[in-house]
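# Tertiary structure, described
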Amino acid sequence: MRPHKKHYARRLKVADNINTDYVISGRYKFKIQDPKELAKHIFEDIDPDFAARVRDGDVLVAGENFGCGSSREQAPQALKTAGFYAIAAKSFARIFYRNAFNIGLMLVECDTDFIDDGDELELDIEKGKIRDTGKGLVFDVKPIPPTMKKLLDDGGVVEHFKKYGGFKFEQV
Amino acid sequence: MGKTIAEKILSNHAGRDLKAGEIAICDVDFCFGQDGTSSIIIDSFNKLGLKKVFDRSKFYMVIDHSAPSPNIGVSEIHKKMRNFAKTYDVNMYDIGCGVCHQLIPQKGHVTCGDVVLGADSHTCTYGAINVFSTGVGSTDLAITLASGKNWFRVPETIKVIVNGKLPKGVYSKDVILQIIKQIGANGATYKSVEFYGDTITAMSVDARLTISNMAVEMGAKVGLMEADDKVLKWVGERSSKVPRPVKADPDARYAAVKSYDVSALAPQVARPHAVDNVSDVTELSNVKIDQAFVGTCTNGRLEDLEAAANILKGKPVHPDVKFIIAPASKEIYLQAVKKGFVETFVKSGCIVVGPGCGPCVGTHNGVLADGEVAISTANRNFKGRMGNPNSFIYLASPATVAASALKGRITDPREFKKRL
Ligand code: SF4
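A brief look at the structure comes next. (Residues numbered from 1 in each chain as written. Chains lettered and ligands numbered in written order. Predicted model: local features only at pLDDT ≥ 70, side-chain atom pairs only at ≥ 80, totals over all residues. Heavy atoms only, no water.)

## With respect to the packing of helix 8 (residues 205-213) of chain B against helix 9 (residues 229-238) of chain B
All names here are of chain B. Where helix 8 meets helix 9, the closest approach of the two axes is 10 Å, and the angle between their N-to-C directions is 100°. Taken together, helix 8 and helix 9 sit at an angle that is classed as roughly perpendicular. Only Lys 230, Val 231 and Trp 234 of helix 9 make contact with helix 8, whose side of the interface consists of Val 205, Asp 206, Arg 208 and Leu 209. Per-class residue counts for the contact of helix 8 with helix 9 are four nonpolar, no polar and three charged. (Axes fitted to C-alpha atoms, helices over the stretch in contact; angles between N-to-C directions. Helix = DSSP H or I, 4+ residues; strand = E, 2+ residues; numbered from the N terminus. Parallel < 35°, antiparallel > 145°, perpendicular 65-115°, else oblique. Contact = heavy atoms within 4.5 Å. Nonpolar A, V, L, I, M, F, W, Y, C, P; charged D, E, K, R; others polar.)

## Observations concerning the site of the ligand
Residues and elements named next belong to chain B. Residues in close proximity to the ligand include His 65, Val 99, His 101, Asp 120, His 122, Thr 296, Cys 297, Cys 357, Cys 360, Val 361, Asn 379 and Arg 385, which together make up its full environment. Mapping the ligand onto the cavity grids shows that it belongs to the largest cavity. Class assignment for the residues of the shell around the ligand results in five nonpolar, five polar and two charged. (Near = heavy atom within 4 Å. 1 Å grid on protein atoms, 1.4 Å probe; cavity = no way out; pocket = protein on both sides within 12 Å on 5 of 7 lines; lining within 4 Å. Sits in = over half its atoms within 2 Å of the grid points.)

## Digging into the side chain of Ser 212 of chain B
Residue and element names in this part refer to chain B. Turning to its location among the elements, Ser 212 is positioned in helix 8. By relative accessible area, which is 0% here, Ser 212 ends up buried. Polar contacts involving the side chain of Ser 212 include one to the main-chain carbonyl oxygen of Gly 223, which spans 2.8 Å. (Buried < 20%, exposed > 50% of the residue type's maximum accessible area, 1.4 Å probe, protein only. Polar contact = N/O pair within 3.5 Å; in protein donor to acceptor, adjacent residues only side chain to side chain.)

## Digging into helix 3 (residues 72-88) of chain B
Residues and elements named next belong to chain B. Along its 17 residues, helix 3 runs 24 Å from first to last C-alpha, staying within 8% of the 24 Å computed at 1.5 Å per residue. Three or more residues of helix 3 are buried, namely Gly 73, Val 74, Ile 77, His 78, Met 81, Phe 84, Ala 85 and Tyr 88. What you see down the axis of helix 3 is that its buried residues fit within an arc of 140°, all on one side. Turned more than 90 degrees off the buried face of helix 3, the exposed positions are Ile 72, Lys 86 and Thr 87. Here the buried face of helix 3 lies against strand 2 (30-34), helix 2 (38-48), strand 3 (59-62), strand 4 (91-93) and helix 5 (138-147). Measuring from the backbone nitrogen of Gly 73 back to the side-chain oxygen at the start of helix 3 gives 3.2 Å, which picks out Asn 71 as the cap. (Expected span 1.5 Å × (residues − 1). Arc of directions from axis to C-beta.)

## What about empty space enclosed by the protein?
All names here are of chain B. This model, assessed by the stated rule, comprises two cavities of 30 Å³ or more. There is about 180 Å³ of room inside the largest cavity. Lining the largest cavity are 21 residues, and of these His 65, Asp 120, His 122, Cys 360 and Arg 385 sit closest to its centre. Those elements that provide at least two residues to the lining of the largest cavity are helix 4 (100-106) and helix 10 (296-299). Grouping the constituent residues of the lining of the largest cavity by class yields six nonpolar, nine polar and six charged. For the second largest cavity, the calculated volume is near 70 Å³. Surrounding the second largest cavity, Val 28, Phe 30, Cys 31, Phe 54, Asp 55, Lys 58, Phe 59, Thr 144, Leu 145 and Gly 148 form its lining. Counting only elements with at least two residues in the lining of the second largest cavity, the list comes to strand 2 and helix 5. Taken together, the residues of the lining of the second largest cavity break down into six nonpolar, two polar and two charged. (Points joined across faces, edges and corners; volume = space filled by probe spheres on them.)

Structure, rendered in structure tokens:
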């Protein structure tokens with residue numbers, strides 16, 4: 001993991017309860033299978049220009065309950081493929097949370113009200129901090145459970161499984 | 001310290017004593033995918049490089065979301081599923097069988113005390129028959145398909161107690177919409193919800209499934225109920241598996257306890273574009289509708305079709321309304337034919353489509369035009385859910401939907417008092 005790399009914030013016009021239908025509409029998930037194609041359509045129904053603004057290494061910033069709704073894994077997959085390094089939100093819906101770590105996409109829970117679109121961010125997962133360098137603000141990030149960190153380090157649950165032939169978590 | 005239903009079922013499947021907050025590896029009794037999620041299940045399973053699935057009797061694939069296929073892309077996904085089923089000798093419910101969440105309990109694949117994972121968010125439906133069932137993504141499902149296990153964070157539990165005799169024209173759908181309004185779309189995130197109270201006890205098992213189905217709309221992982229005699233009979237008639245009913249201990253620890261009295265509840269309607277945006281039906285009587293839909297894993301069962309048929313019988317659907325009906329399974333469809341409901345629907349001017357998800361998720365069978373308004377018995381009304389982000393979806397009970405279809409605007413089913 002690259003804890004100190006600089007990232008830029010991408011914020012949506014909507015903050016809370018962004019569901020997986022908004023991440024990638026159901027009408028695409030049944031038609032398109034290629035994640036690169038799906039990535040071009042993220043958030044199309046709520047912010048049509050959004051996909052074009054995303055750069056590699058950006059951090060997606062949202063409010064409460066990000067990723068609620070359907071279990072479609074195309075949602076985190078499309079976001080990862082679009083180039084997001086991580087998603088920072090006040091809270092995540094649980095299926096989305098599992099799916100993201102399973103495919104190796106980092107989620108961080110923290111106060112996000114202070115972050116505006118385009119802000120430069122630094123994420124330090126080991127210390128549990130997120131810093132808005134332009135504003136000089138630092139906030140705590142809720143610790144990522146060791147199980148999830150392990151999945152991220154292994155590159156997702158499939159790689160984890162291949163490596164160990166099953167689940168290998170400490171104290172589980 | 002006493003335990004909740006979730007703590008007990010997960011402890012039984014982890015082989016050790018668990019309490020809320022712990023992460024554990026648990027055995028999974030049954031798992032499945034549908035046609036929107038199975039393609040990635042197959043890809044992830046293939047990446048694992050295994051020669052066979054963990055246990056072919058514990059896995060099904062269901063083609064229900066876009067069935068029959070409306071376009072080439074979907075047809076390719078369906079073909080991929082059929083090929084995988086042949087190669088790995090696994091079971092499928094192909095087009096025309098019904099919605100996964102109806103088929104899995106109805107066909108007896110699950111029983112009280114089981115742990116079940118589905119690659120679909122409404123897998124929480126079988127909580128009503130005392131099953132710890134929850135939705136996961138495709139890769140999660142592939143891991144379970146390969147190993148028979150998965151990791152679980154043992155959820156905290158909110159206890160919801162619902163008391164009072166439901167007034168005529170008010171149903172389990174109205175109860176759960178009201179609860180979601182109170183708790184909020186995010187109010188039970190990561191948590192288990194346990195439902196109790198004399199209103200629940202008085203409900204049929206089908207009506208209870210509607211409630212557990214929508215637990216995820218307040219963020220919950222599971223929506224559990226105890227197995228009473230009605231549940232044990234229902235499960236016993238369908239499944240040869242031995243039920244292991246699980247009750248919470250009297251001194252179980254709850255994150256919150258909420259009580260509701262529904263004896264004066266009005267029919268409820270969720271307004272666009274959020275499921276917790278709920279009003280009494282009476283506040284919405286000036287909303288004109290273009291489409292009505294009865295069906296889905298929430299309200300596509302026989303008693304739902306019956307409630308709609310009773311209101312429609314002998315009356316024409318409003319000329320400006322397209323009314324689509326999708327029975328939740330083939331068996332329900334046949335019963336609806338036998339009981340004359342299908343004849344009632346067709347004579348009233350409804351379109352009865354094949355068993356499956358119907359227009360619920362906007363891939364086929366009734367996509368809305370710009371500016372159109374639908375009233376539906378489904379569980380989600382997110383922007384774009386029925387295929388068009390410029391349309392508007394209201395959610396209600398089958399009776400409210402049928403009454404609205406007759407009048408061409410959102411209508412209180414109690415206006416048809418003699419037909420309830
Ligand atoms: S009926 Fe609707 S909510 Fe239920 S499984 Fe099908 S698409 Fe999902």
